[in-house]
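Listed here are the chains, written in short residue letters.
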Amino acid sequence: MTADRGRMKSLVITLAGLLLLFLASGGLCRGCGAPPPAIFSRIGVTYTVSDSVYKSFNDSIYVTLPQGSFFFNVMDIAQTLDSRKFSFTYTLSVWGAYITSMRGLQANDTQRTYWQLLSNRVPLKLGAGCYAVSSGESLEVSFSKY
Ligand code: B12
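In this text, all values refer to a predicted model and were calculated from it rather than measured experimentally.

**Observations regarding the overall build of the protein chain**
Along the backbone of the protein chain there are three helices and eight strands. Traced from its N-terminal end to its C-terminal end, the protein chain shows the element sequence α-β-β-α-α-β-β-β-β-β-β. Expressed as a percentage of the 146 residues in the protein chain, the buried residues total 14%. If you take every contact in the protein chain between residues at least 6 apart in sequence, the share linking residues at least 24 apart comes to 55%.

Structure follows, in structure tokens:
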């Protein structure tokens with residue numbers, strides 16, 4: 001009984017030592033080529049769809065997604081969460097994805113309307129598939145005229 005208790009005590013001390021070594025070294029990821037934890041972190045953005053031509057709607061949603069995601073991913077998640085407000089269509093061209101309609105409202109060349117992409121109210125210089133989003137950003141797709 002006393003011998004058992006002694007063995008148990010030394011086992012506990014050994015495990016505590018190993019745990020200390022593990023924590024002090026920063027975990028198992030050191031020098032093993034595993035990606036840094038930031039890759040796995042999630043970010044949150046606000047996404048708005050607005051009709052700036054007919055002023056018929058203006059809806060926002062908060063979307064969380066993996067760091068390194070693109071504007072298009074935000075749109076896709078929002079559509080899955082609320083397809084009535086955030087459904088969209090697109091075509092593919094040499095520049096990537098071109099957004100052609102949001103919740104049924106179609107861009108129209110004759111009327112010179114299009115769906116403009118903005119971040120923090122500034123028009124983007126990249127399409128939805130190429131623009132990487134950042135934490136806390138306020139993204140918008142706005143029906144506009146050119
Ligand atoms: C005219 C033009 C527009 C017009 C197109 C409408 C029209 N009927 O003319 C309008 C104003 C609508 C427009 C919108 C946008 N545009 Co634009 N546009 C151009 C421009 C100046 C000329 C395109 C053109 O007429 N080419 C000649 C024709 C014969 O070729 P085409 O392949 O048929 O052209 C079509 C495509 O280019 C498409 N298109 C236009 N812009 C964009 C943007 C993207 C991302 C895609 C996939 C397609 C696309 O519309 C053209 C006409 O049908 C180019 C710059 C250039 N020099 O190419 C930028 C350019 C293509 N646009 C660009 C951008 C960023 C946008 C926007 C995302 C801007 C925004 N903040 O909203 C939006 C698209 C948003 C969406 N709905 O997805 C960028 C793309 C860069 C990139 N790497 O992604 C370019 C290269 C300008 C730049 N920044 O250098 N655009």
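**Some thoughts on the pairing of strand β4 (residues 96-102)**
Bridge count for strand β3 (residues 88-93) against β4 is six bridges, and the pairing is antiparallel. Pairing of F88 across the sheet is with M102, part of β4. Here β3 folds back onto β4, and the loop between the two strands holds two residues. Two successive antiparallel strands, β4 and strand β5 (residues 105-106), enclose a turn made up of two residues, where R103 displays a positive phi of approximately 35°.

**Some details on helix α2 (residues 71-81)**
Think of an α-helix as 3.6 residues a turn; residues three or four steps apart then line up on the same face. Within α2, burial applies to F71, F72, V74, M75 and A78. Taken around the axis of α2, the buried residues stretch over an arc of 155°, which confines them to a single face.

Basis of the calculations
Residues numbered from 1 in each chain as written. Predicted model: local features only at pLDDT ≥ 70, side-chain atom pairs only at ≥ 80, totals over all residues. Helix = DSSP H or I, 4+ residues; strand = E, 2+ residues; numbered from the N terminus. Buried ≥ 20, exposed ≤ 12 C-beta atoms within 10 Å, placed from the backbone. Contact = placed C-beta atoms within 7 Å. Pairing = 2+ DSSP bridges. Arc of directions from axis to C-beta.

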